[in-house]
Structure formats: structure tokens, C-alpha cells
Amino acid sequence: MPIDSVSTLPTNTSRRRAEGRFYIGMAIMATATALAGFGPAIVEPGSRRAPMTWAVGLHGIVFGAWLVLFLGTFGLSTSLVATLTQTRAVE
């Protein structure tokens, strides 16, 4: 295995880690904020001021799915970068 293959590894790993921590932190905070804000109305429907309409329900489903994708995208991109880095190091 030639030593030149090591040079293909990213040189700025500490910056990538810091960015990764920022984005996962933001994803967790957005999810926590949404759960804290909307959780009581979901758990106790009687505390709502008006009945939930289909548009509000659809909005909640779409936004919840977006938050799941936001969290999932971070995990997938992190594992993909690690896999690609390991693959290139082996070659």
C-alpha cells in the first residue's frame, strides 16, 4: 500500500467535527423546541382553544417529518463521510 494514499484524508478534521456538532446541536434543539411548544396540546387535546383542523394536522405531520429528516440527514452524511474516508485510505 503506497503511503501517498494517506494524503487523501481530509486535513481539516477539527473544523468538520465542530461543524458537525453545530448541526446536530441545532437539529436536537429544533426538535426539543417543537416538542416543548406543541407537546402539551398533543398530549392534552382539551387544553386547545379551538379544535384541530385538517390543515393544522397536515402541517404538524409535514413539520415532524422534516425534523426527522433533518436529524437523519446528519447521521447519514456523517456515516457516509466516515465510510468514504475509510475506503479511500484502504485504496
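Notes on the structure in this doc start here. Each chain has its residues counted from 1, running along the sequence as written. Confidence filtering applies because this is a predicted model: local features only for residues at pLDDT of at least 70, side-chain atom pairs given and counted only at 80 or more, and all residues used for totals across whole chains, interfaces and linings. With hydrogens and water set aside, each side-chain value is computed from the structure's full complement of heavy atoms.

Here a helix means four or more residues in a row that DSSP labels H or I, a strand means two or more in a row labelled E, and each is numbered from the N terminus. A tally of helices and strands in the protein yields two helices and zero strands. As displayed, the protein offers around 7,500 Å² of accessible surface, 71% of which is attributable to carbon and sulfur atoms. Per-residue and other accessible areas were derived by the Shrake-Rupley procedure at a 1.4 Å probe size, with only the shown protein chains allowed to occlude residues.

Within the element layout of this structure, Phe 63 appears in helix H2 (residues 54-90). Note: C-alpha distance between Phe 63 and Ala 34 (29 residues apart in sequence) is 9.2 Å.

This paragraph deals with the packing of aromatic side chains. Any Phe, Tyr or Trp ring, taking Trp's six-membered ring, that has another such ring centre within 6.5 Å forms a pair; planes under 30 degrees apart are called stacked, those over 60 apart edge-to-face, and the others tilted. Applying the stated criterion across every chain, the model contains three aromatic pairs. Look at Phe 63 and Trp 66: their rings are 6.0 Å apart centre to centre, the planes differ by 15°, and that puts the pair in the stacked class. Here Phe 63 and its partner Trp 66 are both found in helix H2, three residues apart, which amounts to about one turn of the helix. Relative accessibility thresholds used throughout: buried, under 20% of the residue-type maximum; exposed, over 50%; partly exposed, between the two (1.4 Å probe, protein chains only). A relative accessible area of 33% means that Phe 63 is categorised as partly exposed. Residue class for Trp 66 comes out partly exposed when judged on its relative accessible area of 46%.

For the rest of this paragraph, the subject is the environment of Leu 67. With respect to the helices and strands, the residue Leu 67 is situated in helix H2. Leu 67 sits in the buried class, given a relative accessible area of 7%. Along the sequence, Leu 67 and Ala 34 sit 33 residues apart, while their C-alpha atoms lie 9.1 Å from each other. Leave out the neighbours within four places in its chain, and Leu 67 touches Ala 30, Thr 31 and Ala 34. Whether two residues are in contact is decided by their heavy atoms, any of which lying within 4.5 Å being enough.

Further remarks concern the side chain of Thr 31. Among the secondary structure elements, Thr 31 is positioned in helix H1 (residues 13-43). For Thr 31, a relative accessible area of 18% corresponds to the buried category. From its side chain, Thr 31 meets the backbone oxygen of Ala 27 in a polar contact 2.9 Å long. Ignoring any residue separated from it by four or fewer positions in sequence, one finds Thr 31 in contact with Leu 67 and Leu 71. Counting of polar contacts relies on pairs of N or O atoms within 3.5 Å, with two restrictions inside protein: one atom must be capable of donating a hydrogen and the other of accepting it, and residues adjacent in sequence are counted only when both atoms are side-chain atoms.

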